[in-house]
Structures are given as C-alpha cells and as structure tokens.
Amino acid sequence: MPKTLSVTSWNINSVRLRIESVVRFLHEAQPDFLCLQETKTPDDAFPAHAFTKAGYPHHAFIGMKGYNGVAIVAREPFRKLEAREMCGKPDARHIAVEIGEGAGAIQLHNFYVPAGGDLADPDENPKFAHKLSFVEELRQFSEKLRGSQPRAVLVGDLNIAPLEHDVWSHKQLLDVVSHTPVETDGLKAVMQEGEWCDAFRVLKPEPEKVYSWWSYRSPDWAAADKGRRLDHIWLGRSLKDQIVSGEIRKETRGWERPSDHVPITLTIARD
DNA sequence: ATGGTGGTTAGACCA
C-alpha cells in the first residue's frame, strides 16, 4: 500500500462525452481515487471498461438519464457504502466508499449539490429552496459523521464559493447564486458542524484567488478569468494534519470540448 | 444591460 492517498474531484459534465479527457487526465495525474459529478449516465451505460483499461478497475456509480449522477473509480479495492438519497429525491447526488481496513479505514463521500437556478429567492425559485435544504441536510449529515467517523474525506461540486477570494469579484457576486450570504453562511455551518478542514485553503490561504470553474458563457475564459471555487475537498478532524499537497489542473479547461469545471487533487498521508 | 455557451436528447430542461 502506498504511503499517501490522492483523491481527485471533477465535475465532468457527461462522463460519456468526455471519457477520452478523463482517461488522459488519469494517465497524467494518476490519482488513487477519482470522484466524478454530473456523469449524466444511467448505470447500464457507465463506461466502466474504459476506466478498467486505464488502470482503474474498481467502480462505484449511481446515475440517471440525462441529469446528475456521481461516481468513484479507483486503482485499489474499496467497500461501497450506502448512497444517500438527499432531500427525499432519487436524483443521484451522493455516493460513498470506505478505503482500507479497521481503525485506519477512511470514508470517502462524493457529493453533487444542486446548482440552485438563477434567482436567489427560495420562495420564488424551488431550485434555490432545494439547494438550501440540501445544504441543511449536509449539515446534519456532517454532525453524525463527526461523531461516528472522523477519518472522512468529503469531496464534490458543492456549487458554492464560500469565501471572498473564491470568486473573481466578491461585491459583484453577492446576489449571484453560488455566492449569496445565505449559501455561504450555510456552507460555513456545514464545515463548522462537521469540523471539516477546507484542505485547499490550508494550502492556499486567502487572499489568494482560487477557482475551479469558469463559465462556458465567457467568450475568452482565460483572459477574463472570472472564475469561482465551486469544487472542494474537505478532511475530517482525524485527517486534517495529514495534508501533503494539492493541485488544480486549470489547463484542462483549455482542452478540446472541456468541462466547465477542472479537476482538483489532494494528496494526504495514509497514516 | 439580461445574454452569453454547452449537454442531453428531440422540445425543453438543466447547468
């Protein structure tokens, strides 16, 4: 067993359309675990063989036709944990596995938080209400996990940029869904409840700007650089002193037919 | 100032 554990989170926006990009990334970065969101693929169409061929023969996935969907693929075996049905909806926004054995086992949870639509008003916009309910459920889940399994990693597209320097303009985005106070306060409550450590902000403290997403709607995304940090890797309290390194593969945003999110990878010591 | 682009899938719906 290697001495470190590396985990990537990547919203791939259709794993079938971008399977060649995913395989390229795996060859270049070789993380131990890859957590995907927005696979947009029913389970019977998940490209398992391509992952096996790329050296990742262990898979856990839950998907649906056209929307949502999450997956975890790995080079090493794992135990599948229960996929949670969040907000009472069977919409495939969580999957989890357990890595290793006994007291050293680590739980890895992969979440895809609802984007929340355009209007930041839960009374007028049911998608925003769903997002806030999801975040509240994440808070309750974090409380339970903190007590039962502090050796946990939570990753995913959380669709919230919680800090001032997680967006290109704090002031201009205060009423834009993903950075409104009700969302950023909600996510901070989740972090507090779970005693989660925001690993990339340990490695890159504010006021450094850190982004993982650049909109498709920007004609020149790289020059404009109007990004947001929507993707996160959090460590439970028993793992927070084991950070080794982190990497954000911004260059993948410039690949042909890119996802609007880029892969973020965290490496920690196994024990 | 309220569109801009992209994926899924066949007219909207979602991001």
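Counting of residues starts from 1 at the beginning of each chain's written sequence and follows it residue by residue. By the order in which they are written, chains take letters starting at A while ligands take numbers starting at 1. The predicted nature of this model means local features are confined to residues of pLDDT at least 70 and side-chain atom pairs, given and counted, to a pLDDT of 80 or more, with totals for whole chains, interfaces and linings taken over all residues. Working from all heavy atoms in the structure, the side-chain values ignore hydrogens and water.

A. Summary view of the overall build of chain A. Helix numbers and strand numbers start at the N terminus; a helix is a DSSP run of H or I with at least 4 residues, a strand a run of E with at least 2. Each helix and strand in chain A was counted, giving six helices and 14 strands. Computation of the radius of gyration draws on C-alpha atoms, with the globule rule given as 2.2 Å multiplied by the number of residues to the power 0.38. For 271 residues, the compact-globule estimate of 2.2 N^0.38 gives 18 Å, and the C-alpha radius of gyration of chain A, at 17 Å, lies within 12% of that figure. With the principal axes as the frame, chain A shows a C-alpha extent of 45 × 45 × 35 Å. Across the 271 residues in chain A, those meeting the buried criterion constitute 55%. The contact criterion used is simple: two residues touch if any of their non-hydrogen atoms lie within 4.5 Å. Of all intrachain contacts in chain A linking residues separated by at least 6 positions in sequence, the fraction that spans at least 24 positions is 69%. Considering chain A, the positive charge centre built from 35 side chains and the negative charge centre built from 39 side chains are found 3 Å apart. For each residue, the accessible area found with a 1.4 Å probe, counting protein chains only, is set against the maximum for its type, and the residue is called buried under 20%, exposed over 50%, and partly exposed in between. Just so you know, the count uses Lys and Arg for positive and Asp and Glu for negative, and it drops His and the chain ends. Lys charges are placed at NZ, Arg charges at CZ, Asp charges at CG and Glu charges at CD.

B. Representation of helix α1 (residues 19-29) in the model. Those residues of α1 lying buried are Ile19, Ser21, Val22, Val23, Phe25 and Leu26. Here the buried face of α1 lies against β1 (4-11), β2 (33-37), α2 (48-53) and β14 (264-269). Of the residues trailing α1, Gln30 is marked for its positive phi of about 45°.

C. Seen up close, the packing of aromatic side chains. Put simply, two rings from Phe, Tyr or Trp (the six-membered ring, in Trp's case) pair if the centres are within 6.5 Å, and we call them stacked under 30 degrees between planes, edge-to-face over 60, tilted for the rest. Counted according to the given criterion, the structure contains nine aromatic pairs. Ring plane angle 15° and centroid distance 5.6 Å describe the contact between Phe46 and Phe51, whose orientation is recorded as stacked. The residues Phe46 and Phe51 share a single accessibility class, namely buried. Ring geometry for Phe111 against Phe141: centres 5.5 Å apart, planes inclined by 70°, an arrangement best described as edge-to-face. Here Phe111 is found in strand β7 (residues 106-112), whereas its partner Phe141 is found in helix α3 (residues 126-148), with 30 residues between them in sequence. Taking the relative accessible area as the measure of exposure, Phe141 reaches 5% and is therefore buried. By the ring-pair criterion, three or more aromatic residues cluster together here, those being Phe46, Phe51 and Phe61. Geometrically, a charge over a ring is one whose NZ (Lys) or CZ (Arg) sits within 6 Å of the ring centre while staying within 35 degrees of the ring normal. We note Arg24 situated over the ring of Trp255; from NZ or CZ to the ring centre the distance is 3.8 Å. Against the face of Trp168 rests Lys226, its NZ or CZ located 4.6 Å from the ring centre.

D. Highlighting the pairing of β2. Most of β2 is tucked away, with five of its five residues classed as buried. Residues Phe33, Cys35 and Gln37 point to one face of β2 and Leu34 and Leu36 to the other, with burial holding for every one of them. Strand pairing is assigned whenever DSSP identifies at least 2 bridges connecting the two strands. Summarising the sheet, β1 and β2 pair through five bridges and their orientation is parallel. Along β2, the bridge assignment pairs Ser9 with Cys35. For the segment spanning β1, α1 and β2, crossover handedness is right-handed. A right-handed crossover is one whose linking path, passing over the helix from the first strand to the second, runs clockwise when the strands point away from the viewer.

E. Region of interest: the sheet that holds strand β4 (residues 70-74). One open sheet holds the six strands; their spatial order is β3-β4-β2-β1-β14-β13, and the pairing between them is mixed. Across the chains shown, the open sheet's two edge strands, defined by having one partner strand only, are β3 (58-62) and β13 (243-248). Geometrically, the sheet is characterised by an average inter-axis angle of 10° between neighbouring strands, direction not taken into account. The pairing of β1 with β14 spans six bridges and is classified as antiparallel. Opposite Thr4, over in β14, you have Ala269 as the bridge partner. Running at roughly 160° to β1, α1 makes contact with β1, β2 and β14 of the sheet. Only the stretch in contact is used when fitting a helix axis, every axis being a line fitted to C-alpha atoms; angles between N-to-C directions are given from 0 to 180 degrees.

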